[in-house]
Amino acid sequence: MSIYQLLKQIDADVKDILKTNLEISPTEEVPSDEDRGLTYSRGKVKKGKEITTCVLFMDMRKSTDLSFQHQSKTLAKLYSAFVKAMLKASGEYGGVIRNIIGDRVMLVFPVDQCFARAVHTAFLLNTIGEYIINKRFDKNDIQFGIGIDHGKMLVVKVGQAKTGKERAAYKNLVWMGKPANIASKLTDEANKKVGTHFWSGKPKIIPRVLMTEKVFKGYDMNVDHQFEKGWAREYTLDLPKGELKVFGSDRYFKDDIDKLYGYEAHLMGTIATIAN
């Protein structure tokens, strides 16, 4: 195919997308790329879906720096362990992974009980990241951040129809809306050093799990939980578009970790981590 023919085809595709209607239908279940309610066929009405729910991002910190500090085989094992753990844990509370970009994963939750599902999943992922992956990685320098927001998102399918082994690589879902952007930004801010404590001189670090006020209130008001008062602390983040009130927590499944490793072994590991 000549460059002219390629440009002509692309121009026709763009005109087709712009001139055909986009029908949007509401849903309470998380769409997938095989959803019949999502279409992008040429010459036909395009179909998208709209969902109002919680979205969660988890990110492995400073992966570029890690690439320089560790051997490629070690990094390959780390990435494999991280993704496999996230895939396995994401469904424990009904969440589904809808995007994996290197060291960052995106989870979306069904509308029903989405606040509880998202917050409990965040605590589970925090447990796995901090107390399993980081523990098993020799230098204990793997850090994670988790962000959650809630709101309306438009979901459309994009790509090109293909057959054979390349079929999956040429289609994807795009999640448009403020919640996905905010949750991603919170992931960047979580577990970040923001200064030092005046008296002790120890670093002041934002918790590993950050959620918007809407998620915090939605969880606190609608879930019959046993958390003590103050299970999450309020923070104000200075973002490019202004200040944002959020709530942060380092909560994890302590009893289960103690059972997994034994209380004494876990305590000694924690002491060793602090000492380092």
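All values derive from a computational prediction rather than experimental measurement.

### Some thoughts on the overall build of the protein
For the protein, the count of helices and strands is 8 helices and 11 strands. The buried share of the protein, reckoned over its 276 residues, is 42%. Considering only residue pairs separated by 6 or more positions, the protein has 67% of its internal contacts joining residues 24 or more positions apart. For the protein, the exposed surface amounts to about 16,700 Å²; the carbon and sulfur share of it is 53%.

### Some details on the confidence of the model for the protein
The predicted model of the protein averages 84 in pLDDT, with 82% of residues at 70 or higher. Per-element confidence in the protein is highest for strand E9 (residues 209-212), whose mean pLDDT is 96, and lowest for helix H2 (residues 63-69), whose mean pLDDT is 55.

### A look at the packing of aromatic side chains
Counted according to the given criterion, the structure contains 3 aromatic pairs. Between Phe82 and Phe144, the ring centres sit 5.6 Å apart and the planes meet at 25 degrees, which makes this aromatic pair stacked. Taken together, the positions of Phe82 in helix H3 (residues 72-90) and Phe144 in strand E5 (residues 144-159) put the pair 62 residues apart, joining distant regions of the chain. Exposure remark for Phe144: the relative accessible area of 2% places this residue in the buried category. Centre to centre, the rings of Phe216 and Phe247 are 3.9 Å apart; their planes meet at 5 degrees, and the pair counts as stacked. Of this pair, Phe216 sits in helix H6 (residues 213-222) while Phe247 sits in strand E11 (residues 242-249), placing them 31 residues apart in sequence. Of the two residues, Phe216 and Phe247, both sit in the buried class. Taking NZ or CZ as reference, Lys135 lies 4.7 Å from the ring centre of Tyr261, over its face.

### Quick word on the pattern of salt bridges
Going through the model one piece at a time under the given rule, you end up with 10 salt bridges. A salt bridge links Lys46 to Asp16; the nearest nitrogen and oxygen atoms lie 3.1 Å apart. Separated by 30 residues along the polypeptide, Lys46 in strand E2 (residues 46-60) and Asp16 in helix H1 (residues 3-19) bring together distant segments of the chain. The exposure class assigned to Asp16 is buried, which follows from its relative accessible area of 7%. With a shortest N-O distance of 3.4 Å, Asp59 and Arg104 are connected by a salt bridge.

### Looking at the side chain of Asn191
Assignment of secondary structure puts Asn191 in the loop between helix H5 (178-189) and strand E7 (193-196). The buried category is assigned to Asn191, whose relative accessible area is 13%. Only 2.9 Å separates the side chain of Asn191 from the backbone oxygen of Phe144, close enough to count as a polar contact. Contact partners of Asn191, with chain neighbours within four places excluded, come to Gln143, Phe144, Ile205, Ile206, Pro207 and Arg208.

### Some words on the environment of Ser25
For Ser25, the position within the fold is in strand E1 (residues 22-26). For Ser25, a relative accessible area of 30% gives the class partly exposed. Separated by 129 residues in sequence, Ser25 and Leu154 have C-alpha atoms that sit 9.5 Å apart. Setting aside its immediate chain neighbours within four residues, Ser25 contacts Gly48, Lys49 and Glu50.

### Section: the packing of helix H4 (residues 114-136) against helix H7 (residues 254-261)
Interhelical geometry of H4 versus H7 gives an angle of 25 degrees and a closest axis separation of 10 Å. The orientation of H4 with respect to H7, classified from their angle, is roughly parallel. The element H4 and its partner H7 pack so that their crossing is right-handed. Listed contacts from H7 to Thr127, Tyr131, Ile132, Lys135 and Arg136 of H4 are Ile257, Leu260 and Tyr261. Of the residues in the contact of H4 with H7, the class split is 5 nonpolar, 1 polar and 2 charged.

### Side note on the pairing of E9
Residues Val209 and Met211 of E9 are buried on one face, and the alternating residues Leu210 and Thr212, pointing to the opposite face, are buried as well. Both E5 and E9 contribute to a ladder of 3 bridges, which runs parallel. Directly across from Gly147, in E9, lies its bridge partner Leu210. Bridge count between E9 and E11: 4 bridges; the pairing is antiparallel. The residue of E11 that forms the bridge with Met211 is Phe247.

Criteria and thresholds
- Sequence order as written defines residue numbering, which begins from 1 separately in each chain.
- Local features in this predicted model are restricted to residues of pLDDT 70 or higher, and side-chain atom pairs are both shown and tallied only at a pLDDT of 80 or more, whereas totals for entire chains, interfaces and linings draw on every residue.
- Side-chain numbers come from the whole structure's heavy atoms, not from hydrogens or water.
- What counts as a helix is a DSSP run of H or I of at least four residues, what counts as a strand is a run of E of at least two, and both are numbered from the N terminus.
- Each residue gets one of three labels from its accessible area relative to the maximum for its type: buried under 20%, exposed over 50%, partly exposed in between, using a 1.4 Å probe on protein chains only.
- The contact criterion used is simple: two residues touch if any of their non-hydrogen atoms lie within 4.5 Å.
- Shrake-Rupley sampling with a 1.4 Å probe provides the accessible areas, and residues are treated as covered by the protein chains on show and by no other component.
- For every residue, the predictor assigns a confidence score, pLDDT, that lies between 0 and 100.
- For this analysis, a ring pair means two rings from Phe, Tyr or Trp (six-membered ring only for Trp) whose centres lie within 6.5 Å, classed as stacked if their planes differ by under 30 degrees, edge-to-face if by over 60, and tilted for the remaining angles.
- Criterion for a charge above a ring: Arg CZ or Lys NZ at most 6 Å from the ring centre, at most 35 degrees from the ring normal.
- We define a salt bridge as a side-chain nitrogen of Lys or Arg found within 4 Å of a carboxyl oxygen belonging to Asp or Glu.
- Throughout this description, a polar contact denotes any pair of N or O atoms lying within 3.5 Å of each other; where both atoms belong to protein, one of them has to be capable of donating a hydrogen while the other can accept it, and for residues adjacent in sequence the pair is counted only when both atoms sit in side chains.
- Axis angles are defined between N-to-C directions and span 0 to 180 degrees, where every axis is a line fitted to C-alpha atoms and, for a helix, only to the segment in contact.
- Here roughly perpendicular refers to angles of 65 to 115 degrees, roughly parallel to angles under 35, roughly antiparallel to angles over 145, and oblique to all remaining angles.
- The sense of a crossing depends on the near helix, which, turned anticlockwise from the far helix by less than a right angle, makes the crossing left-handed and, turned clockwise, makes it right-handed.
- In this count, Pro and Cys sit with the nonpolar residues alongside Ala, Val, Leu, Ile, Met, Phe, Trp and Tyr, while Asp, Glu, Lys and Arg are called charged and the others, Gly among them, polar.
- Any two strands between which DSSP finds at least two bridges are classified as paired.

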